[in-house]
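Spelled out from the first residue to the last, the chains are:
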Amino acid sequence: MKIRFCGAARCVTGSCHLITFADKSILVDCGMRQGADTKTGLPEGEFPFDPASLDAVLITHAHIDHTGLLPLLVKRGFKGSIYTTSATAELCSIMLPDSGHIQEQEAEYQSRKNERAGKPPVEPLYTAQDAVACMKYFKGVSYNETVTVTDGASVRFTDVGHLLGSAAIELWVEENGKKASVLFSGDVGRDDRPIIKDPESVDGADYLLLEATYGDRNHDASTDDEKKAQFANALKLAIARGGNIVIPSFAIGRTQEILFYIKRMLIENTVPGLERVPVYIDSPLGIAATDIYQKCEKEFYDQETRDMAKDGDTFAFPTLRVAQTADESKAINDQKGCNIIISSSGMCEAGRIRHHLKHNLYRADSTVIFAGYQAVGTLGRMLVDGAEKIKIFGEEIRVNATIDVLEGFSGHAGKDELIEWVQEMKVKPSCIYLVHGEESALSTLAAALESLQYTVEIPELYDEIDLASGRRKKAEVVPFKPAAQPQKDKKGRPAPIAADANDYAKRIRKQAQRITALLEQVEGSPENATLLRMMEKDLRLFTEKWEDFFLES
């Protein structure tokens, strides 16, 4: 059995590990690189293997740095099954189409720039529709259920308390009559976090791939009471300044955690004046994710959260507002006084958060509160590291706002917590391979584990290791190139030659007429209400997308 480190080796994001044995191959995670990690390895969107050759894919959890290239994997020929927990599958059903939409927007923006510079247009890595198509390959499984994923290989998912549905994956493989096991930690969570359960211990395995995001430090707040007090103090100071409080937040996991704490503070009157501050969720993905969190409460919530859920909506409170549309998002910046704005992305690399930073960073009475890890090279990391000026949408912004960091809110286990999780294993791994970490985190955690008599290695990107012999080689890095396919329409006919602008305008009017005719036939019928609601949402998002496109251009 061999393992090849195709991502998150000597860096933090882009999780992707290839296991080969006998004539089979299994991929564990297929994540997108972020920040400075995008400059490592092959160009973005290229795989060092043929996606069609994979027998199965295993996913530890839904975050984009672990799942963000799944639609591209399918687009490039993967036809097997994607195994993960049912909650992770639910979250991916909203995260991946959202990521596809971002890919489309970024490609459109870059194509407009290229056109002005006389350069060719660019294509998105994948589209929202590609992401929707990818979902049919998902197979949701339950925690602690042993599942055969291909001949000679079975897996078990164990709750590691990082995110709703997150799991460590135990993989058992049989090759040439011999059995071996590999444990993939995914991202290990922390005890005493709200909403989800504490990380569970795992029996262990012959080999362990362990994340090391916080391998060189511990968190300054560990217990629930400490984290709540840290957040409450930050809010008290921010409210006293009088300006907006902007919280860059991962739409899934962190947004729900922040809402949970704010609701508890309101119930307990922990922060005087908080009851008068409007709280905005400005993230359509965050709103959709919160709905999924509500649906999954029975299987995945901890006892405290289940008790709170008995009294109604787990996350709702009187001052909560949601901003679905672009217009609603823009209107937030016209509000006077102090407002709490929770918006994604959590590392400020894309999404509506950049607009809110543009409108608030220059204000001395504003506060930006970071409550999660900021990867090297991201806008969030620049602000946390003390940048005095930054560029947003090509405009230089002076940073006058207060930048506050809630270190204790991280969903990743700290150094001592990682070591404790490893020591709880009944079976001691013969070797631990450290991944998902910056150099300092990797080397510090390696030294700490070695002092406890563990054998530790830190693989390089694209290293291939024969686990039985320990032999390591730098595999030849050749990007897989799918054969070019001629463009065809939905009926398999050659795609038509591009029409001119007037012709396209006529086609658009024809489609608008068809929609109007359809609406006249079905409106007023109660049984069509659900379908009409879905149609309205699709059309609204479509219209807003193209309004933004033409206004920007």
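What comes next is a walk through the structure. (Residues numbered from 1 in each chain as written. Predicted model: local features only at pLDDT ≥ 70, side-chain atom pairs only at ≥ 80, totals over all residues. Heavy atoms only, no water.)

### So, the packing of aromatic side chains
Here comes step 1: One pass over the full model with this rule turns up 8 aromatic pairs.
Here comes step 2: Ring geometry for Phe231 and Phe409: centres 5.4 Å apart, planes at 75 degrees, overall edge-to-face. Of this pair, Phe231 sits in helix H5 (residues 224–241) while Phe409 sits in the loop between strand S19 (402–405) and helix H13 (415–423); the two residues are 178 residues apart in sequence, bridging distant segments of the chain. For the pair formed by Phe231 and Phe409, the shared burial category is buried. (Phe/Tyr/Trp six-rings, centres within 6.5 Å; stacked < 30°, edge-to-face > 60°. Helix = DSSP H or I, 4+ residues; strand = E, 2+ residues; numbered from the N terminus. Buried < 20%, exposed > 50% of the residue type's maximum accessible area, 1.4 Å probe, protein only.)

### Quick look at the pairing of strand S10 (residues 178–184)
Here comes step 1: In the sheet, strand S9 (residues 167–175) pairs with S10 via 7 bridges, with the strands oriented antiparallel. Looking at the pairing, Val173 lines up with Ala180 of S10.
Here comes step 2: Between S9 and S10, which pair antiparallel and follow one another directly, the connecting turn spans 2 residues, one of which, Asn176, has a positive phi of 55 degrees.
Here comes step 3: With 3 bridges joining them, S10 and strand S11 (residues 207–211) adopt parallel strand pairing. What sits directly across from Leu183, in S11, is Leu208. (Pairing = 2+ DSSP bridges.)

### A short note on the packing of H13 against helix H14 (residues 439–450)
Here comes step 1: With their axes 11 Å apart at the nearest point, H13 and H14 run at an angle of 40 degrees to one another. Relative to H14, H13 is oriented oblique. In the crossing of H13 with H14, the sense of the turn from one axis to the other is right-handed. Where H13 approaches H14, its residues Lys415, Leu418 and Ile419 are matched on the opposing element by Thr444, Leu445, Ala448 and Leu449. (Axes fitted to C-alpha atoms, helices over the stretch in contact; angles between N-to-C directions. Parallel < 35°, antiparallel > 145°, perpendicular 65-115°, else oblique. Left-handed = near helix turned anticlockwise from the far one by under 90°. Contact = heavy atoms within 4.5 Å.)

### What about the nonpolar core?
Here comes step 1: Among the nonpolar cores identified, the biggest contains 110 residues, and Leu70, Leu73 and Phe231 are the most heavily contacted of them.
Here comes step 2: For this core, the element with the highest residue contribution is helix H3 (residues 86–116), accounting for 7 residues.
Here comes step 3: Beyond its immediate stretch of four places on either side in the chain, Leu73 contacts Leu27, Cys30, Phe47, Phe49, Pro51, Leu54, Val57 and Phe78.
Here comes step 4: Grouped together as the second largest cluster of nonpolar side chains are 25 residues, Val160, Trp421, Val422 and Met425 included. (Core = buried A, V, L, I, M, F, W, Y, C linked by side-chain atoms within 4.5 Å.)

### Digging into the pairing of strand S3 (residues 24–28)
Here comes step 1: Within S3, 5 of the 5 residues are buried, leaving the element largely enclosed by the surrounding structure.
Here comes step 2: Hairpin connection of strand S2 (residues 16–21) to S3: 2 residues between the antiparallel strands, including Ala22 at a positive phi of 45 degrees.

### Looking at the environment of Thr402
Here comes step 1: When you line up the elements, Thr402 lands in strand S19.
Here comes step 2: The class for Thr402 is partly exposed, based on a relative accessible area of 26%.
Here comes step 3: Setting aside residues up to four positions removed in sequence, Thr402 forms contacts with Arg241, Ser366, Thr367 and Val368.

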